[in-house]
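Structural overview
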Amino acid sequence: MTFTIHQTDPQSQARTGTLTTDHGPIQTPIFMPVGTAGTVKAVHQRELEHDINAEIILGNTYHLYLRPGLDILSQAGGLHRFNGWQRPILTDSGGYQVYSLSNTRKIKEEGVTFKSHIDGSAHIFTPEGVMDIQRTIGADIIMAFDECTPYPCEYDYARRSMDMTHRWLQRCITRFDETQGHYGYRQVLFPIVQGSTYTDLRRQSAEVVASHGREGNAIGGLAVGEPAEQMYEMIAIVNEILPADKPRYLMGVGTPANILEAIALGVDMFDCVMPTRNARHGILFTTEGVINIKNEKWRNDFSPIDAALGGYASTQYSRAYLRHLIRSEEILGAQIASLHNLTFYLWLVREARQHIAAGDYNSWKNDMTTRLMKRL
Ligand code: GUN
């Protein structure tokens with residue numbers, strides 16, 4: 001994997017670049033649609049490629065390991081072959097999902113024992129096991145196994161958890177480096193910075209992560225309920241330490257405003273369920289602001305969802321029609337809304353790249369943030 005930086009913004013830490021994997025290039029800053037179970041919910045691969053032009057999607061170790069399971073993924077020849085997506089894939093390690101989804105979980109030095117949210121069966125995730133699982137899933141970028149601390153979090157817990165995440169990271173690296181991909185292309189491992197909302201812990205964690213010299217680095221444990229200002233403060237501190245010539249990935253973030261602010265702080269990669277999950281609940285992001293399509297207000301609005309955005313879903317269907325579909329819980333409603341919201345998120349990062357290149361990123365960001373967060 002190579003990462004080339006093209007432009008840096010003179011007024012902020014924002015930059016544009018290209019991340020090249022064996023499954024193709026990714027223009028950064030990038031938003032990665034979340035495809036938890038090997039599918040970006042309600043969106044076809046064809047739409048992801050041709051309508052949205054997604055350059056990379058996410059998968060989740062936790063979900064894919066439980067279902068369809070490693071035997072099927074291995075027989076298929078990896079996730080790319082299984083779901084027919086030939087562009088890059090990143091898998092999260094389960095270091096987040098196992099805490100938020102599984103029923104009972106116990107965190108120990110060895111790893112995390114948990115019960116499946118599907119059938120209650122007992123499992124253990126260890127750093128070594130999670131590397132082997134992600135080798136078998138076959139993502140281009142795989143994530144270290146970590147503990148994402150909740151918010152708020154006592155200092156002592158945050159420190160002990162971070163220290164364990166660092167020990168787990170060493171175990172991940174040892175296992176990853178002594179194994180190879182199964183399918184003939186290269187995989188890379190990104191470590192994850194933790195440290196909750198404590199500046200000294202964040203600095204320490206960023207130093208440890210940077211010292212491993214991997215091809216890219218991630219920031220975890222944010223957007224878990226802390227105020228946005230505190231999240232930005234943590235990102236700024238961490239990004240002073242993470243190497244500038246490697247991609248930086250902010251996990252699980254966020255709103256359009258969060259993304260634009262984090263880009264200004266030097267973040268290159270984002271993922272979040274927000275565009276797809278909100279879409280299924282009728283919350284739409286548009287170039288004029290946020291719409292709740294279920295509101296009475298849109299009942300007889302026959303204008304396109306977002307004419308200015310362009311793209312198939314956003315221009316082909318009216319607000320009134322989408323309101324009807326979402327209120328009737330029609331499958332097509334979730335499809336159109338998801339396609340629209342992802343079109344918006346990919347448009348947002350494309351615009352960001354253009355404004356970084358043009359040298360006016362900061363002023364564009366400030367105008368955009370006010371506009372995009374308006375409730376229509
Ligand atoms: N997704 C969002 N936050 C996190 C995190 O802290 N760790 C992992 N592994 N995934 C995340």
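Quick caveat, the model's predicted, so the values are computed rather than measured.

Considerations on the state of the cysteines
Going through the model one piece at a time under the given rule, you end up with 0 disulfides. Free of any disulfide, Cys172 has its nearest cysteine sulfur in Cys148, 15 Å distant. Of all cysteine sulfurs, the one in Cys148 lies closest to Cys272, which takes part in no disulfide; the gap is 13 Å.

Here we look at the sheet that holds strand 1 (residues 2–8)
On the basis of which strands lie adjacent, the open sheet formed by 3 strands has the order 1-2-3 and antiparallel pairing. The open sheet has two edge strands with one neighbour each: strand 1 and strand 3 (24–28). Averaged over all pairs of adjacent strands, the angle between their axes in this sheet comes to 15°, without regard to strand direction. By the bridge criterion, 6 bridges tie strand 1 to strand 2 (residues 15–21) in an arrangement that is antiparallel.

Here's the deal with the side chain of Asn217
Among the secondary structure elements, Asn217 is positioned in strand 13 (residues 217–219). In this structure Asn217 comes out as buried when scored by relative accessible area, which is 2%. Beyond its immediate sequence surroundings of up to four residues, Asn217 is in contact with Phe190, Pro191, Val209, Leu242, Pro243, Lys246, Pro247, Arg248 and Tyr249.

Considerations on the side chain of Thr286
Among the secondary structure elements, Thr286 is positioned in strand 16 (residues 283–286). Take Thr286: its relative accessible area is 1%, and that puts it in the buried class. Separated by 3.0 Å, the side chain of Thr286 and the backbone nitrogen of Glu288 make a polar contact. Within the structure, Thr286 has its side chain in polar contact with the backbone oxygen of Gly289 (distance 2.7 Å).

As for helix 9 (residues 228–241)
Over its 14 residues, helix 9 runs 21 Å from end to end, which matches the ideal 20 Å to within 8%, given 1.5 Å per residue. For helix 9, every residue scored as buried is listed here: Met231, Tyr232, Met234, Ile235, Ile237, Val238, Asn239 and Ile241.

Overview of the UniProt feature "binding site: substrate" (unreviewed entry) in the protein chain
Per the UniProt record, "binding site: substrate" (unreviewed entry) is found at Asp92, Ser93, Gly94, Gly95, Tyr96, Asp146, Gln194 and Gly221. Those annotated residues lining the second largest cavity are, specifically, Gly221. Locating Gly94 in the fold gives a position in the loop between strand 6 (89–92) and helix 5 (97–100). Tracing the backbone through its elements, the reader meets Tyr96 in the loop between strand 6 and helix 5. If sequence neighbours within four positions are ignored, Tyr96 has contacts with Cys148 and Val224.

Rules and cut-offs
- Residues numbered from 1 in each chain as written.
- Predicted model: local features only at pLDDT ≥ 70, side-chain atom pairs only at ≥ 80, totals over all residues.
- Heavy atoms only, no water.
- Disulfide = S-S within 2.5 Å.
- Pairing = 2+ DSSP bridges.
- Helix = DSSP H or I, 4+ residues; strand = E, 2+ residues; numbered from the N terminus.
- Axes fitted to C-alpha atoms, helices over the stretch in contact; angles between N-to-C directions.
- Buried < 20%, exposed > 50% of the residue type's maximum accessible area, 1.4 Å probe, protein only.
- Contact = heavy atoms within 4.5 Å.
- Polar contact = N/O pair within 3.5 Å; in protein donor to acceptor, adjacent residues only side chain to side chain.
- Expected span 1.5 Å × (residues − 1).
- UniProt positions renumbered as here; feature names shortened; annotations may be inferred.
- 1 Å grid on protein atoms, 1.4 Å probe; cavity = no way out; pocket = protein on both sides within 12 Å on 5 of 7 lines; lining within 4 Å.

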